[in-house]
Amino acid sequence: MSERLPAEFAAALAATDARRRHIGAKVHYFSETSSTNDVAGRYADAGAAEGTVVIASAQTSGRGRLGRTWYSPPGAGLYLSIVLRDRSAAPFLTLAGGVAVVEGVRAATGLPLEIKWPNDVVTRSTNGPAPRRKIAGVLAEASSTAEGLQHVILGIGINLSPAAYPPDVANRASSIEAELGRAVDAGPVLAEVLAALSVELEPLARGESSPLLTRWRALAPSASGTSVECETPGGRLNGVAAGIDESGALLVRVGSRTERIISGEVVWKQAK
Ligand code: BT5
């Protein structure tokens, strides 16, 4: 059973009601849960409406892609999952989640961030040698039956304070508070990320992906011109990222060839 939504979340959500439309119209809060993606999946299986949100203050089995762990200690990050059912939006939800985090964090706190394909939200590039540090991650998980796609659970983890990640990722991670040098309220970050997601989903529901792709490209400068190494089913390849195509796949120039990378591991070798 979900618990009473803390007042700071309730107030911030109420203040963005009109802009969020159905995204977050229903919110289930847990002080601690296994993974908000699993809990949201169970609500979706039981018929929860598109836009239902599950949020937790801590996760005991928070996960990333490919079986990796998402560190989710209490009170240090935002851990949320959104039930989405619109089939035309489904292929673009990882990209939409990244844009929503960048737009929402900037609206709530003023901190500018960037996207790194496919699902990382990172600190903005500087001219120094330090690599971009990861502040948030997106995990979209689809559930299908013989009748087709049933729902996608869009999971988002955002580091609010440095306590959100352990020492072993400290040189690759950061948090909103560390970047800003001040404390931030979690409520507005949650509410503005959901409001930004609602904006990105609107054209997708009409079958229009170009507004999202245009926005994504503007927020992901590393996707063009950066040297990358990719693991593909056909083996490892080295090349130069050349943006994303209309389906959201990463294009990589290898000599005179252009490869499409749909998923898997990409090592970004040189910060632009
Ligand atoms: C992701 O995976 O970045 C997707 C993370 C999605 C987390 C949310 S929280 C709410 C919802 N419920 C869940 O169970 N999950 C979603 P990936 O690209 O595979 O990155 C995972 C890698 O990031 C790990 O292997 C670590 O190296 C690093 N990492 C783990 N926790 C981190 C943290 N808190 N901050 C920065 N980096 C972290």
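Counting of residues starts from 1 at the beginning of each chain's written sequence and follows it residue by residue. The predicted nature of this model means local features are confined to residues of pLDDT at least 70 and side-chain atom pairs, given and counted, to a pLDDT of 80 or more, with totals for whole chains, interfaces and linings taken over all residues. Hydrogens and water are ignored here; the side-chain numbers use all heavy atoms of the structure.

> Would you mind going over the sheet that holds strand E1 (residues 27-30) in detail, with residue names and values included?
The seven strands lie next to each other as E1-E2-E3-E7-E6-E5-E4, forming an open sheet whose pairing is mixed. The open sheet has two edge strands, E1 and strand E4 (113-116), and neither has a second partner. The sheet shows a mean angle of 20 degrees between the axes of neighbouring strands, taken without regard to direction. Here, any two strands with at least 2 DSSP bridges between them count as paired. Numbered from the N terminus, helices here are DSSP runs of H or I no shorter than four residues, and strands are runs of E no shorter than two. Summarising the sheet, E1 and strand E2 (residues 53-56) pair through four bridges and their orientation is parallel. Bridged to Tyr-29 within E2 is Ile-55. Each axis is a line fitted through C-alpha atoms, and for a helix only the stretch in contact is used; angles between axes span 0 to 180 degrees, taken between their N-to-C directions.

> Provide a residue-level description of the side chain of Thr-16, including the pertinent values.
Position of Thr-16 among the secondary structure elements: in the loop between helix H1 (7-15) and helix H2 (17-20). Ignoring any residue separated from it by four or fewer positions in sequence, one finds Thr-16 in contact with Ala-191 and Glu-192. Note on contacts: a residue pair qualifies if any of its non-hydrogen atoms lie within 4.5 Å across the two residues.

> Give a detailed account of the environment of Asp-120, specifying residues and quantitative values.
Tracing the backbone shows Asp-120 in strand E5 (residues 120-123). Any residue under 20% of the maximum accessible area for its type is buried, any over 50% is exposed, and the rest in between are partly exposed; the area is computed with a 1.4 Å probe on protein chains only. According to the relative accessible area criterion, Asp-120 is buried, its value standing at 13%. In this structure, the C-alpha to C-alpha distance between Asp-120 and Arg-133, residues 13 residues apart in sequence, is 9.4 Å. If near-sequence neighbours (up to four positions away) are discounted, Asp-120 is found in contact with Glu-114, Ile-115, Lys-134 and Ala-136.

> Residues and numbers for the pattern of salt bridges, please.
Put simply, a salt bridge is a Lys or Arg side-chain nitrogen that is within 4 Å of an Asp or Glu carboxyl oxygen. On inspection of all chains with the given rule, the structure shows 16 salt bridges. Notably, a salt bridge pairs Arg-19 with Glu-192, separated by 2.8 Å at the nearest N-O pair. One end of the pair, Arg-19, is in helix H2; the other, Glu-192, is in helix H6 (residues 186-205), with 173 residues separating them in the sequence. Its relative accessible area of 45% is what places Arg-19 among the partly exposed residues. For the salt bridge of Asp-120 with Lys-116, the shortest nitrogen-to-oxygen distance reads 3.9 Å. Of the two residues, Asp-120 and Lys-116, neither departs from the other in class, the shared state being buried. In the salt-bridge network here, residues are joined through shared partners; they are Glu-229, Glu-231, Arg-236 and Lys-269.

> Residues and numbers for the site of the ligand, please.
Throughout, near means a residue has at least one heavy atom within 4 Å of the molecule or strand. Not every one of the 29 residues close to the ligand is listed here, only the nearest: Ser-35, Arg-65, Arg-68, Lys-134 and Asn-159. Polar contact is defined as a pair of N or O atoms within 3.5 Å, subject to the rule that within protein one atom must be able to donate a hydrogen and the other to accept it, and that residues adjacent in sequence are counted only when both atoms are side-chain atoms. In this structure, a nitrogen atom belonging to the ligand sits 2.9 Å away from a side-chain N or O atom of Gln-59. For the ligand, a nitrogen atom lies 3.0 Å from a polar atom in the backbone of Tyr-71. Contact with the protein chains covers 94% of the free accessible surface of the ligand, which is 800 Å². Those elements that provide at least two residues to the shell around the ligand are helix H3 (36-45), strand E3 (77-84), strand E6 (134-145) and strand E7 (148-159). All accessible areas in this document rest on Shrake-Rupley with a 1.4 Å probe, and a residue is counted as covered only by the protein chains that are shown.

> A description of unusual backbone geometry should follow, citing residues and the corresponding values.
Residues Trp-117 and Pro-118 are joined by a peptide bond in cis, for which omega reads 0 degrees. Along the chain, the position of Pro-118 falls in the loop between E4 and E5. A positive phi angle, near 50 degrees, is found at Arg-21, a position not held by glycine. Mapped onto the elements, Arg-21 comes out in the loop between H2 and E1. At Leu-66, a residue that is not glycine, the phi angle is positive and equals roughly 50 degrees. Counting through the fold element by element, Leu-66 comes out in the loop between E2 and E3. Its relative accessible area of 62% is what places Leu-66 among the exposed residues.

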